[in-house]
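What follows is each chain in one-letter form.
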Amino acid sequence: MLTGLPPISDGPSYDRIPQLMNEHVTEHKESAHNLEVSAPPSERRWMWVCLGLLALLLLYSAWTVRRLTSVVNLAPAPAVDHGPLPESVRAQVLALVAPHLENAILQELHTGKVREFRIIGKPKELLAQEFYAAFRPLVVDRLMPLLRPYGEIISFDITALDLPPARLREIPDQKDS
């Protein structure tokens, strides 16, 4: 053996390796546990609030998608009568719209197999909001059920207001003619 040289080390003793590994694993477990415990209560509270809001957002999104994808079906109506509109029905319609419209007129338009009723007039209310608040329920609750047996569409030509037409029943296919 040479003298004067330091002894050569073989590295860590093989007996010590399992002990070092156990120390590392326990140190890792303790540090992970310490992170959970060391988080202040306000952060945990915000975490639960955010998770709750996320859950509410997902539920509302699911509800919205379900409503948007559901098809609105019109109530089945009896067979349409494309004959002349009875005078009693015409008088009822004009009497219903008279409190809301000046010089109200009910026109009947025939386009192939589609019959359209058009109500023409000028609103008596000065503000559109007041007119809409009173007129829309009248159209939905009274006029549409009254005219449904006689045609497919009801539309409006009201001075200075733009009301969209409404479908009274399914429009027949044009290829059946």
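Whatever comes next refers back to the structure up there.
Report follows, based on the coordinates. Values in this document were obtained by computation on a predicted structure and should not be read as measured data.

### Things to note about the overall build of the protein chain
Then, number 1: When helices and strands are counted, the protein chain shows four helices and four strands.
Then, number 2: In sequence order, the secondary structure elements of the protein chain are arranged as α-α-α-β-β-α-β-β.
Then, number 3: Looking at the protein chain residue by residue over its 177 residues, the buried ones come to 22%.
Then, number 4: Here the contacts in the protein chain between residues at least 6 apart in sequence split such that 58% fall between residues at least 24 apart.
Then, number 5: Accessible surface computed for the protein chain: about 13,700 Å², of which carbon and sulfur atoms make up 62%.

### Regarding the pairing of strand β2 (residues 114-123)
Then, number 1: Summarising burial for β2: eight of the ten residues are buried, a large majority.
Then, number 2: Pairing geometry for strand β1 (residues 101-111) and β2, over nine bridges, is antiparallel. Opposite L101, over in β2, you have P123 as the bridge partner.
Then, number 3: The hairpin formed by β1 and β2 contains two residues between the paired strands, and G112 there has a positive phi angle of roughly 65°.
Then, number 4: Alignment of β2 against strand β3 (residues 153-158), held across six bridges, turns out to be parallel.

### Observations concerning unusual backbone geometry
Then, number 1: Residues other than glycine seldom take positive phi values, yet N103 does so here, at roughly 50°.
Then, number 2: Relative to the assigned elements, N103 resides in strand β1.

### Structural notes on a nonpolar patch on the surface
Then, number 1: A surface patch of nonpolar side chains, amounting to about 650 Å² of accessible area, comprises M47, W48, L51, L54, L57 and L58.
Then, number 2: Relative to the assigned elements, L54 resides in helix α2 (residues 41-69).

### Side note on the pattern of salt bridges
Then, number 1: By the definition in use, this model includes four salt bridges.
Then, number 2: With a closest N to O distance of 2.5 Å, R90 and E108 form a salt bridge. Here E108 lies in strand β1 and R90 lies in helix α3 (residues 87-97), a separation of 18 residues in the sequence.
Then, number 3: What makes E108 partly exposed here is its relative accessible area of 24%.
Then, number 4: Between E108 and R115 there is a salt bridge whose closest N-O contact spans 2.4 Å.
Then, number 5: Judged by relative accessible area, which is 0%, R115 ranks as buried.
Then, number 6: Linked through salt bridges whose partners overlap, the residues forming this network are E87, R90, E108 and R115.

### Focus: the packing of α3 against helix α4 (residues 128-147)
Then, number 1: α4 packs onto α3 with a crossing angle of 180° between their chain directions and a minimal axis gap of 11 Å. The angle between α3 and α4 falls in the class roughly antiparallel. Contacts between α3 and α4 involve V89, Q92, V93, L96 and V97 from the former and F135, L138, R142, L143, L146 and L147 from the latter.
Then, number 2: Partitioning the contact of α3 with α4 into residue classes produces nine nonpolar, one polar and one charged.

### What to know about the nonpolar core
A general tendency of soluble globular proteins is for nonpolar side chains to be buried together.
Then, number 1: In terms of nonpolar packing, the biggest core is built from 25 residues, with I119, F135 and L143 touching the most fellow members.
Then, number 2: The biggest single contributor to this core is α4, with nine residues.
Then, number 3: Beyond its immediate stretch of four places on either side in the chain, L143 contacts V93, L96, V97, I119, L138 and I154.

### With respect to the pairing of β3
Then, number 1: For β3, the tally of buried residues reaches five of six residues, placing the bulk of the element in the interior.
Then, number 2: With α4 bridging β2 and the parallel β3, this β-α-β connection has right-handed handedness.
Then, number 3: The pairing of β3 with strand β4 (residues 166-167) spans two bridges and is classified as antiparallel. Within β4, the position partnered with I154 by the bridge is A166.

About the thresholds
- Residues numbered from 1 in each chain as written.
- Predicted model: local features only at pLDDT ≥ 70, side-chain atom pairs only at ≥ 80, totals over all residues.
- Heavy atoms only, no water.
- Helix = DSSP H or I, 4+ residues; strand = E, 2+ residues; numbered from the N terminus.
- Buried < 20%, exposed > 50% of the residue type's maximum accessible area, 1.4 Å probe, protein only.
- Contact = heavy atoms within 4.5 Å.
- Areas by Shrake-Rupley, 256 points an atom, 1.4 Å probe, with all protein chains shown as cover.
- Pairing = 2+ DSSP bridges.
- Patch = residues over 30% accessible without salt bridge, like charges linked within 9 Å, V, L, I, M, F, W, Y side chains within 5 Å.
- Salt bridge = Lys/Arg side-chain N within 4 Å of Asp/Glu carboxyl O.
- Axes fitted to C-alpha atoms, helices over the stretch in contact; angles between N-to-C directions.
- Parallel < 35°, antiparallel > 145°, perpendicular 65-115°, else oblique.
- Nonpolar A, V, L, I, M, F, W, Y, C, P; charged D, E, K, R; others polar.
- Core = buried A, V, L, I, M, F, W, Y, C linked by side-chain atoms within 4.5 Å.
- Right-handed = clockwise from strand over helix to strand, strands pointing away.

Keep in mind these values describe shape, not function.
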